[in-house]
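Given next are the chains, with one letter for each unit.
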Amino acid sequence: MTNPLTDPYLVLSKVYQDGKYLKQSLAETPIEFLNKPRTVKICYGVLEKDSYLSEIISHNAQKPPKSAIRLILKIALYMLEFMDKHGYMVVDNAVTLVKKLGKDGASGFVNAFLRSYSLPPAPKNADEKIAFETSSPLWLVRKLKRSYKSEAAEILSAPSHGVCVRFVHGAENYLDRPHEITPFENVYIFKNFTRDMNFENGSYTFQSVGSVAICATVKPCPKLLDACAAPGGKSVLLSSKCGEVHSCEIHEHRLALIEAYKQRMGVKNLTARLADSSEFIPEYEGAFDAVLCDAPCSGTGVINENPDIKLFRKEEDIAELSALQLKILNNCSRYLKSGGRLYYSTCSVLPEENDSVVYNFLQSVNGFKLCEAVSPLPHRKTKFGLQFLPHISLGAGFFISVLEKQ
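This is a predicted model, so every value here is computed, not measured.

(A) Expanded view of the overall build of the chain. The helix and strand inventory of the chain stands at 17 helices and 13 strands. At 23 Å, the chain has a C-alpha radius of gyration in line with the 22 Å of a compact globule built from 406 residues. Dimensions of the chain, computed from the C-alpha atoms along their principal axes, are close to 70 × 50 × 40 Å. If you take every contact in the chain between residues at least 6 apart in sequence, the share linking residues at least 24 apart comes to 67%. Summing over all exposed atoms, the chain offers an accessible surface of approximately 18600 Å²; the carbon and sulfur share of this is 52%. Between the mean site of the 48 positive side-chain charges and the mean site of the 44 negative ones, the chain shows a separation of 2 Å.

Structure (structure tokens):
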């Protein structure tokens, strides 16, 4: 059996040092199969609590430890503070890993630190206290407080509800497991769900309840464009109620994900192409009855599923993303037939990426009217659409706006 800190270290070093996303790092790192659930829990937990763990280190260390030692401390601290692991086991394994990495000189520091550290006091400033308690960037706390007032802390601390599974058929064979019902037919959230051969034959797929909610707002139509489609979940689901679905993706390796998804689910009416949806495609002009722009965004609505967003996302990114979102929306509006519908969605909870983008679009492009969007998933109505929020929408933080070309 491997040192319980080794596999989390190998995975997280790619995140912290190489800038890779956690899911990618987990997929490409060989880890001990029997203890994979523990490794995954530690990796997600360390990223979720990154700011808090960093505070503990800063509070107790006279000078910042080097990156490798800092990461080992974070893993050990997470195990001690949030997994109720025996202190001697965690400390001994942390020191062993330090030595295995050839950093014997730091072993005494790590040993002493983990045996004697104290927890920092919570800040007195209200915003800083929320950032501390939810281990979130202060800039994000302040943005959420401006928009959601006292709900900011609830949004940031809302847990994932589990694994959301959308069944094509055979759901009854799995409902003896603990699960949560969603407002959507054949879509359930399981606390734990291990995929089997029925996944490979397309009997079910994994798709977030927020993604399903976005697709549910789209009306059936003859021809639909999914403008930012990878990994393909929305395209595949929409292919069941639209005559043709055309999917665009800017990255070649992600285009392959759409093709694989399509093949696994046995979809015949979906065509994927490599294309940048912010750049005009002449043959698409006026060609579609509906266009879905699920635009690149900050991901602030799905932090509970992707805690590395807290690590990578910066405040200055939001303005850049908003400009790109508006560019995509402006461009894709040209692809609609008269009477066609333009659906704009994100997995963000920030108004700058949602209502503000739709407002700016309506100010700059003539001939579109706002339509009422409806959803059975609990939500808040905004001026220009529906905002799903993690603490009220089964863990999902998504936005959808519906516009019609006159």
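(B) Summary view of the layout of surface pockets. Size it by volume and the second largest pocket reaches roughly 240 Å³. Lining the second largest pocket are Arg-166, Phe-167, Phe-184, Glu-185, Asn-186, Val-187, Val-212, Cys-215, Ala-216, Leu-237, Ser-240 and Lys-241. Sorting the residues of the lining of the second largest pocket by element identifies strand S1 (163-167) and helix H12 (209-217) as the ones contributing at least two each. A per-element tally of the lining of the second largest pocket places H12 first, with three residues. Per-class residue counts for the lining of the second largest pocket are seven nonpolar, two polar and three charged.

(C) Broad picture of the nonpolar core. By size, the foremost hydrophobic cluster in this structure holds 58 residues, and its most contacted members are Leu-144, Leu-224 and Phe-388. Discounting residues that sit within four places of it in the chain, Leu-144 has contacts with Lys-149, Ala-152, Ile-155, Leu-156, Val-349 and Leu-350. Ile-42, Ile-72, Ala-106 and Leu-311 belong to the second largest nonpolar core, which has 42 residues in total.

(D) View of the state of the cysteines. Under the defined criterion, the tally for this structure stands at zero disulfides. Here Cys-228 is not cross-linked by a disulfide; its sulfur's nearest cysteine counterpart is in Cys-293, at 6.0 Å.

(E) Structural view of the sheet that holds S1. If you walk across this open sheet you meet the four strands as S2-S3-S1-S4, and the pairing is antiparallel. Here the strands that pair on one side only, and so sit at the sheet edges, are strand S2 (179-181) and strand S4 (204-206). Direction aside, neighbouring strands of the sheet carry axes that sit 30 degrees apart on average. Relative to strand S3 (residues 187-190), S2 runs antiparallel, the two sharing three bridges. Across the sheet, the residue bridging to Ile-181 is Tyr-188, located in S3.

Here is what the cut-offs are and how they apply
- Residues numbered from 1 in each chain as written.
- Predicted model: local features only at pLDDT ≥ 70, side-chain atom pairs only at ≥ 80, totals over all residues.
- Heavy atoms only, no water.
- Helix = DSSP H or I, 4+ residues; strand = E, 2+ residues; numbered from the N terminus.
- Rg over C-alpha atoms; globule rule 2.2 N^0.38 Å.
- Contact = heavy atoms within 4.5 Å.
- Areas by Shrake-Rupley, 256 points an atom, 1.4 Å probe, with all protein chains shown as cover.
- Lys, Arg positive; Asp, Glu negative; His and termini not counted.
- Charge placed at Lys NZ, Arg CZ, Asp CG, Glu CD.
- 1 Å grid on protein atoms, 1.4 Å probe; cavity = no way out; pocket = protein on both sides within 12 Å on 5 of 7 lines; lining within 4 Å.
- Points joined across faces, edges and corners; volume = space filled by probe spheres on them.
- Nonpolar A, V, L, I, M, F, W, Y, C, P; charged D, E, K, R; others polar.
- Core = buried A, V, L, I, M, F, W, Y, C linked by side-chain atoms within 4.5 Å.
- Buried < 20%, exposed > 50% of the residue type's maximum accessible area, 1.4 Å probe, protein only.
- Disulfide = S-S within 2.5 Å.
- Pairing = 2+ DSSP bridges.
- Axes fitted to C-alpha atoms, helices over the stretch in contact; angles between N-to-C directions.

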